[in-house]
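# Tertiary structure, described
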Amino acid sequence: MISILLSVSRCVLWPRTWSGSGECSMRAGEECVSCWWRERDGMRAILGSYDSELTAAEYSPQLTRRMREAEDMVQKVHAHNSEMEAQLSQALEELGGQKQRADMLEMEVKMLQSQSSAAEQSFPLCREEASSLRLKIEELEGERSRLEEDKKMLEMQLERFTLQGGYDQSRTKVLHMSMNPASAAKQRLREDQARLQEECEQLRELVRALEQGGPVPADLEAAASLPSSKELTELRKQVESAELKNQRLKEVFQTKIQEFRKVCYALTGYQIDITTENQYRLTSMYAEHKADCLIFKATGPSGAKMQLLETAFSSSVQELIELHLLRQDSIPAFLSALTLDLFSRQTVA
């Protein structure tokens, strides 16, 4: 009896945890219902055999309680059976709805497949159109940039034209004065230009006559107001004498300059050369290498201040620069200290 009740309880509890849809759920529900019917018939047969074997005097309270439990269980089975039948009918209805939905989805899939095939056939044409449109867009972009540059150039030209006094004759009217100073100046300029052209022609003829070595025509001599031949000879002599004197002065100046440089080199120990405008290169006589030099640049009005420029050699004497230039602000002290330092290196070596 207990095993039968356990099997019935399993049949009651199993559909609650089972879920499905479609034909599988229908078959499972039918098998479960048939199982319940078989269990119910078996229980009725067992109860009937008990009733036939036992007399009224032999019924015990325990058997009565078990009978009641069995009847309650049977009632629960009937209630659950009706519930399962309702769920089965609902599942059948849902199955019909799912079938209709599946049919609709299948039709939609077919329509989409037909549309995709048509789109695939038209895709190459769309791709060619897109490439041609892309090329056209690039051409238009290039033309737009070129037009923008032309616009900027025209705006600059218009601004320059406006600053130079230009105006739009279609929009602006200019009134000219009868006694316009600008017109008078232009007239004087034309007259001066004509006079100068005439003088140039006369001078060209005079030059040709002098080159040929012939006599100067009277009209050209009066026009050019040239001196006589004696005066020309004296003037040539004066020019030659002045050139000779200038040459001697240059030689004397060159000699004195070289002498002054040698004296400065002997007294200060530095050879001073002018590299570019306002820049001077100082090379010590005690320098270890020929490339060891200092470069000073004259700044301020009339070169009153000197500024040390960075070189490879100046980077090696940072201590002297910090002490004498940055702290003491004395270029002579810096040069003297550098001379002593280089001299001590040579004597120690």
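To keep things clear, this report deals only with the structure shown in the data block.

What counts, and where the lines are drawn
- Along each chain, residues carry numbers from 1 onward, in the same order as the chain's sequence is written.
- The predicted nature of this model means local features are confined to residues of pLDDT at least 70 and side-chain atom pairs, given and counted, to a pLDDT of 80 or more, with totals for whole chains, interfaces and linings taken over all residues.
- To obtain the side-chain values, all non-hydrogen atoms of the structure were included, while hydrogens and water were left out.
- A run of H or I in DSSP becomes a helix once it reaches four residues, and a run of E becomes a strand once it reaches two; helices and strands are each numbered from the N terminus.
- It only takes one pair of heavy atoms within 4.5 Å for two residues to be counted as in contact.
- Computed with a 1.4 Å probe, the accessible areas rest on the Shrake-Rupley method; for each residue, only the protein chains presented here act as cover.
- Type-normalised accessible area, obtained with a 1.4 Å probe on protein chains alone, sets the label of each residue: buried when under 20%, exposed when over 50%, and partly exposed for intermediate values.
- A positive count includes Lys and Arg, and a negative count includes Asp and Glu. His and the chain ends are not counted in either.
- Salt-bridge detection follows one rule: a side-chain nitrogen of Lys or Arg within 4 Å of a carboxyl oxygen of Asp or Glu.
- By this definition, two strands are paired if DSSP reports at least two bridges between them.
- Fitted lines through C-alpha atoms give the axes, limited to the stretch in contact for helices. The angle between two N-to-C directions lies from 0 to 180 degrees.
- Geometry of aromatic contacts follows a simple scheme: Phe, Tyr and Trp rings, the Trp one being its six-membered ring, pair when their centres are within 6.5 Å, and the pair is stacked under 30 degrees between planes, edge-to-face over 60, tilted otherwise.
- How far a helix is expected to stretch is found by multiplying one less than its residue total by 1.5 Å.
- By the criterion applied in these results, polar contacts are pairs of N or O atoms within 3.5 Å in which, for protein atoms, one can donate a hydrogen and the other can accept it, and in which residues neighboring in sequence qualify only through two side-chain atoms.
- Roughly parallel means an angle under 35 degrees; roughly antiparallel, over 145; roughly perpendicular, 65 to 115; everything else is oblique.
- A clockwise turn of the near helix away from the far one marks a right-handed crossing, whereas an anticlockwise turn of less than a right angle marks a left-handed crossing.
- Gly counts as polar in this scheme, as do all residues outside two lists: the nonpolar Ala, Val, Leu, Ile, Met, Phe, Trp, Tyr, Cys and Pro, and the charged Asp, Glu, Lys and Arg.

### Some thoughts on the overall build of the chain
The helix and strand inventory of the chain stands at eight helices and four strands. In the chain, of all internal contacts separated by at least 6 residues, the share reaching a separation of at least 24 is 38%. Of the roughly 28,000 Å² of accessible surface on the chain, a fraction of 56% belongs to carbon and sulfur atoms.

### A word on the side chain of Asp 292
Mapped onto the elements, Asp 292 comes out in the loop between β2 (279–284) and β3 (294–299). We note that Asp 292 is buried and unpaired, the nearest opposite charge coming from Arg 345 at a distance of 6.6 Å.

### So, the sheet that holds β2
In spatial order, the strands read β1-β2-β3-β4; together these four strands make up an open sheet with antiparallel pairing. This sheet does not close on itself; its edge strands, each paired only once, are β1 (270–274) and β4 (305–309). Each adjacent strand pair in this sheet contributes to an overall mean axis angle of 30°, direction not counted. In this sheet, β2 lies alongside β1 in antiparallel orientation, the contact comprising five bridges. Residue pairing across strands places Asp 273 opposite Arg 281, the latter belonging to β2.

### Considering the packing of aromatic side chains
Tallying each qualifying case throughout the model produces one aromatic pair. Ring centres of Tyr 286 and Phe 343 lie 5.2 Å apart, and the angle between their planes is 70°; on these two criteria the pair is classed as edge-to-face. One end of the pair, Tyr 286, is in the loop between β2 and β3; the other, Phe 343, is in helix α8 (residues 331–348), and 57 residues separate them in sequence. Relative accessible area serves as the criterion here: at 22%, Tyr 286 is assigned to the partly exposed category. Looking at Phe 343, the relative accessible area reads 39%, which means it is partly exposed.

### Points about unusual backbone geometry
A positive phi angle is found at Asn 278, which is not glycine, with a value near 65°. If you trace the backbone, Asn 278 turns up in the loop between β1 and β2. A positive phi angle, close to 55°, is found at Asp 329, a residue other than glycine. Following the sequence through the fold, Asp 329 ends up in the loop between α7 (318–327) and α8.

### Thoughts on the pattern of salt bridges
Summed over all chains, the structure comprises eleven salt bridges. Here Glu 141 makes a salt bridge to Arg 144, at a shortest N to O gap of 2.8 Å. Linking Glu 141 with Arg 144, this pair stays in helix α3 (residues 61–163), spanning three residues, or about one helical turn. Given the relative accessible area of 41%, Glu 141 is considered partly exposed. Overall, the relative accessible area of 43% leaves Arg 144 in the partly exposed class. Residue Arg 146 pairs with Asp 150 through a salt bridge whose shortest N-O separation is 3.6 Å. Separated by four residues within a single helix, Arg 146 and Asp 150 lie in helix α3, roughly one turn from each other. Assessed through its relative accessible area of 43%, Arg 146 is described here as partly exposed. Salt bridges here are not isolated pairs; linked through shared partners, they connect Glu 141, Arg 144 and Glu 148.

### So, the environment of Ser 302
Locating Ser 302 in the fold gives a position in the loop between β3 and β4. Residues Ser 302 and Asn 278, spaced 24 residues apart in sequence, show a C-alpha to C-alpha distance of 9.8 Å.

### What about α8?
With 18 residues, α8 extends 26 Å between its outermost C-alpha atoms, agreeing within 8% with the 26 Å of an ideal straight helix rising 1.5 Å per residue. For α8, the set of buried residues is Phe 334, Leu 335, Ala 337, Leu 338, Thr 339 and Leu 342. Where α8 begins, the capping side chain belongs to Ser 330, and its oxygen is found 3.2 Å from the backbone nitrogen of Ala 333.

### What about the packing of α7 against α8?
Packing of α7 against α8 leaves a shortest axis separation of 8 Å and a crossing angle of 150°. Comparing the axis directions of α7 and α8 gives the class roughly antiparallel. Like other packed secondary-structure pairs, α7 and α8 cross with a definite hand, here right-handed. Contact with α7, carried on its side by Leu 320, Ile 321, His 324 and Leu 325, involves Ile 331, Ala 333, Phe 334, Ala 337, Leu 338 and Asp 341 of α8 and no other residues of that element. Across the contact of α7 with α8, the residue classes break down as eight nonpolar, one polar and one charged.

### Structural notes on the side chain of Asp 273
Inspection of the secondary structure puts Asp 273 in strand β1. Leaving out residues up to four positions away in the same chain, Asp 273 has contacts with Arg 261, Gln 279, Tyr 280 and Arg 281.

### Let's talk about the pairing of β2
Hairpin connection, β1 to β2: the antiparallel pair is bridged by four residues, and Asn 278 has positive phi, about 65°. Sheet analysis places β2 next to β3, joined by four bridges and oriented antiparallel. Residue pairing for β3: Arg 281 is matched across the bridge by Ile 295.

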